[in-house]
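Architecture and fold: a report
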Amino acid sequence: MTSTTPSSANQHTTRREDNALLRGQACFGQDVALPGAWHMAFVRSPHAHASLLRIDAQAAKDMTGVVAVLTATDLGEHHMPQINPLLPLLQPQDFPLLASTSLNYVGQPVAVVVANTRQTAQAAAAQVVLHCQALPARTDWSDAQAPTTHTQHRHGQLPSHSAHQVQVQLVSPRVTAMAMEPRSCSAQWHADTASVTIWLGSQTPSRARADMARVLGLPHSQVRLISPDVGGAFGAKASVSPEDLLVALTAQHLRATVRWTATRSEDFAAGMQGRGSQLNGRLSLDAQGNFTGLSAQLHFTLGAWLPFSAVVPLRNAARILPGPYRVAALDVQGQATQAHAAPVNIYRGAGRPEAALLMETLVEQAARQAGIDPVALRLKNLIAATDMPYTTPSGEVLDSGDYAALLRQACEKFDYTAERQQQAERRARGEWVGIGLALYVEPCGQGFESARVTLHGDGRVTVASGAPAQGQGHATTFAQIAAEALGCDASLVTVLMGDTDHCPDGTGALASRSTAIGGSAIVQACRRALALREGGATYPIVVDERFTSDEAWSCGCVMARLGLDPDTGHPTVERLVWADDAGHIVNPTLAHGQLVGGAAQGLGQAMLERLVYDAQGQLITGSLMDYAVPRADDMPAIEIISLHTPSPNNLLGAKGVGEAGCIGVPAALMNAARDALSPLGECALNFPLTSEQLWRAMQDHFEEDL
Ligand code: SMO
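Residues numbered from 1 in each chain as written. Predicted model: local features only at pLDDT ≥ 70, side-chain atom pairs only at ≥ 80, totals over all residues. Heavy atoms only, no water.

1. Topic: the overall build of the chain
Worth spelling out the cut-off: By definition, any uninterrupted DSSP run of H or I lasting at least four residues is a helix, any uninterrupted run of E lasting at least two residues is a strand, and each is numbered from the N terminus. Radius of gyration here is computed from C-alpha atoms only, and the compact-globule reference equals 2.2 Å multiplied by the residue count raised to the power 0.38. Throughout, exposure labels follow a simple rule: accessible area from a 1.4 Å probe, protein chains only, divided by the maximum for the residue type, with under 20% read as buried, over 50% as exposed, and the rest as partly exposed. The method behind every accessible area is Shrake-Rupley, applied with a 1.4 Å probe, and residues are considered shielded solely by the protein chains displayed. For the purpose of charge, His is not counted, nor are the chain termini; Lys and Arg are scored as positive and Asp and Glu as negative. Think of each charge as sitting on NZ of Lys, CZ of Arg, CG of Asp or CD of Glu.
Tallying secondary structure elements over the chain gives 17 helices and 26 strands in all. For 706 residues, the compact-globule formula gives about 27 Å, and the C-alpha radius of gyration of the chain, at 26 Å, lands near that figure. Along the three orthogonal principal directions, the C-alpha set of the chain runs to about 75 × 75 × 45 Å. Within the chain, the proportion of its 706 residues that are buried is 60%. Split by element, the accessible area of the chain, about 26,200 Å² in all, is 50% carbon and sulfur. Taking the average location of the 49 positive side-chain charges in the chain and that of its 65 negative ones, the two points are 3 Å from each other.

Spelled out as structure tokens, the structure:
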């Protein structure tokens, strides 16, 4: 649990969390003090697909310091929890926590080793011999494979004749969330009460507790789940993994305290990955440039097992298309299949980046083909602010927003006309430079979040939320929200999060929903507490509230200028201008930090990051030697302007802000790269936009010239 009251008077430049975080006084997974705890390591599958014939653990068991080596035979048959049924599952899902007969991805847990130190546990795990018969691995999808899930949206009749029609095929490679802190879980068995305390870095402590309780065969009341300080989550810590559940099972089995923290390599190989899709689209325009039809086929490749939110990216990508644009007719087909690979779950954006990438690439390509300026083409087709709330052809209700204003203000900040002029001059000098735009919408979750507000007799206030933080600064924001609602100073407010013993059951921190929905729950609870106080209630006044809401939709517009080195293809993001509308902003400094952080991860996906499996299903980008994340000198200055169209759907008028950078920035960079190469015609490009890929595109052109 994190419990924070401000310790510094300087609240405007630091968050109340920062004093502990910056002084090394935070409590991350490995900092949880558990004297006498044993350490766990996992024996993992070396094969992407194999039959498991026999496990030889004797050498490991004989090692000094080893407490136990446990297999599925020892721990019993346990399966992963059922997933969020947002889309229909066409394939049965019954995935074991520990493999017993079948291995289905490299890194799949096969046995648990418990020892007196982490090093001994890891060394002993390496001594366990798995006798396997390798089978052919399926690393990507094929049309022959039966889908795990599917979705579709149809509206109107696609035109049979169009003045202009453009088509694109894009691949959005798998990436890893790369939290600074790898996954971590500890469990302490209380033999006297047959109960367990679990420390898990989690975005969703309430659901994690329910998942743990089910596997342990315990009532929820016997399971306390504490999410300590968490060094980044980004979706990858939104759903429990086999490893998390096995930590708790092992503690129960041994009636002991055990702890496990993943290595960086384990997070690469077996942590939850993100993205991984092929996006095909076709956009039709009439002679005036109106969008008359959009058809899209989306294919997501999921892993060997499905985390709770596995179908969310496909669902989001399909339902968000066509983004902020009016389209007369729509036909979106989506499906997901599974591969012999690590699990894929939501990752910052979760389908929103895919929708923006496909739509915005099509829009720019259409502008080039029709000979219309891409800004003018967008202005012609954007949904008008006066049409809000607007029901999209896929049936989503956009609550509010002024997309044309975003585009106009971004153009003004970017000085679009002058930038185009300079681009023409540079091109005339033989330079390669592109300007790319992207608009996006960002749905920010629906359903409930909880808050418990306690007014103490001495004026102090305690706020407990169901939405814990993993670095976003919720304690600062939530205290500010409560203080404003109660008319008191934020220094009087203590914020509790991430402890199922002290916080109400909640949904959790995901989908950019915590301020809009979780914050509104706090406002609602504060208002009722005030009313009770005015009615003469006795202290402490304790109020539990849930706030339930329809989805609020953020939106934004990104403009990027990208230069390419003519000799090496090396891309440089020269300028990034970004107009974002997240509705009412509670704390501008924190919102800004979220935008910049999201932009860094978006830039990583666009320019650098890619997980690669070989044909045998071995991850060949399993370390930071092979997988490139953005560094400080990869980041351009980001010029951000904010619009504030309040959402009518919650008490704060707030919308999401955490995922925006991952949504708009990659699409704008893709369009900038394609614009840079547009003198060569339409170039098929994919993420990451490496020097090699860009250089090859230029080379192919010159070879054709010879
Ligand atoms: S990808 Mo987020 O944690 O909904």
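2. Concerning the domain arrangement of the chain
Basically, it comes down to this: Each domain's extent is set by a domain assignment, obtained either automatically or from a database. Residues count as neighbours in contact if any of their non-hydrogen atoms are within 4.5 Å of one another. The term buried area denotes the loss of accessible surface (1.4 Å probe radius) that occurs when two parts are joined, taken as the sum for both partners.
Considered domain by domain, the chain is made up of domain 1 (37-136 + 180-232 + 238-270), domain 2 (273-383 + 402-444 + 552-705) and domain 3 (445-549). Taken over C-alpha atoms, the centre of domain 1 sits 36 Å from the centre of domain 2. At the junction of the two partners, domain 1 supplies 28 residues and domain 2 supplies 29 residues. Taken together, both faces of the contact between domain 1 and domain 2 bury some 2,200 Å²; the carbon and sulfur share is 69%. Interface area lost by domain 1 to domain 2 is led by Ile-83, Leu-87 and Phe-268, which between them contribute 27%.

3. Focus on the sheet that holds strand β3 (residues 50-56)
How we decide: Only when DSSP finds a minimum of two bridges between them are two strands counted as paired.
Read across the sheet, three strands follow the order β5-β3-β7 without closing on themselves; strand pairing throughout is antiparallel. Each edge of the sheet is formed by a strand with only one pairing partner; in this case those strands are β5 (102-103) and β7 (129-134). Taken together, the two bridges between β3 and β5 define a ladder with antiparallel strand orientation. The residue bridging Ala-50 from the neighbouring strand is Leu-103, located in β5.

4. Focus on the pattern of salt bridges
Stated precisely, the cut-off is as follows: Salt bridge criterion: a side-chain nitrogen from Lys or Arg within 4 Å of a carboxyl oxygen from Asp or Glu.
For the coordinates displayed, the defined rule picks out 30 salt bridges. One continuous salt-bridge network, built from bridges that share partners, spans Glu-419, Arg-426, Arg-429, Glu-431, Arg-561, Glu-574, Arg-575 and Glu-639.

5. Describing the packing of aromatic side chains
Heads up, the condition is: Stacked, tilted and edge-to-face are the three classes applied to pairs of Phe, Tyr and Trp rings, where Trp contributes its six-membered ring and a pair requires centres within 6.5 Å; stacked means planes under 30 degrees apart, edge-to-face means over 60, and tilted covers the rest. Note on criteria: charge over ring means Lys NZ or Arg CZ within 6 Å of the ring centre, with the direction from the centre no more than 35 degrees off the ring normal.
Throughout the structure, instances matching the rule amount to four aromatic pairs. The cationic tip of Arg-207 hangs over the ring face of Phe-308; the distance from NZ or CZ to the ring centre is 3.7 Å. Residue placement shows Arg-546 over the ring face of Phe-448; its charged tip is 3.8 Å from the ring centre.

6. Examining helix α8 (residues 312-320)
Counting buried positions over the nine residues of α8 gives nine, a clear majority of the element. Residues of α8 that are buried: Val-312, Pro-313, Leu-314, Arg-315, Asn-316, Ala-317, Ala-318, Arg-319 and Ile-320. Those residues of α8 hidden inside the fold are in contact with β8 (149-155), β15 (291-302), β16 (330-338), α9 (352-370), β19 (432-443) and β24 (553-564).

7. Re the environment of His-79
As for its position among the elements, His-79 is in the loop between α3 (72-75) and β5. As for His-79 and Val-215, which are separated by 136 residues in sequence, their C-alpha atoms are 7.8 Å apart. Among all residues touching His-79, those that are not within four sequence positions of it are Asp-94, Phe-95, Pro-96, Leu-97, Arg-214 and Val-215.

8. Overview of the pairing of strand β13 (residues 257-261)
Here β13 lies mainly inside the structure; five of its five residues are buried. Alternating residues of β13 divide into Thr-257, Arg-259 and Thr-261 and Val-258 and Trp-260, and every residue in both groups is buried. In terms of strand pairing, strand β10 (residues 184-190) meets β13 through five bridges, oriented antiparallel. From the neighbouring strand, Ser-184 faces β13, where its bridge partner is Thr-261.

9. A word on the packing of helix α15 (residues 588-607) against helix α16 (residues 660-676)
A packed helix pair is summarised by two numbers, namely the angle formed by the two axes and the spacing between the axes. To be explicit about the condition: Lines fitted to the C-alpha atoms define the axes, with helices restricted to the stretch that makes contact. Angles between their N-to-C directions range from 0 to 180 degrees. Relative orientations are named as follows: roughly parallel for angles under 35 degrees, roughly antiparallel for angles over 145 degrees, roughly perpendicular for angles from 65 to 115 degrees, and oblique for any other angle. Here a crossing is taken to be left-handed if its near helix is turned anticlockwise relative to the far helix by less than a right angle, and right-handed if that turn runs clockwise.
Following both chains from N to C, one finds α15 and α16 inclined at 40°, their axes separated by 7 Å at the closest point. Classified by the interaxial angle, the pair formed by α15 and α16 is oblique. Considering how the two elements wind past one another, α15 and α16 form a crossing that is right-handed. Touching Leu-595, Gly-598, Ala-599, Gln-601, Gly-602, Leu-603, Ala-606 and Met-607 of α15 are Ala-660, Gly-661, Cys-662, Val-665, Pro-666 and Leu-669, all from α16.

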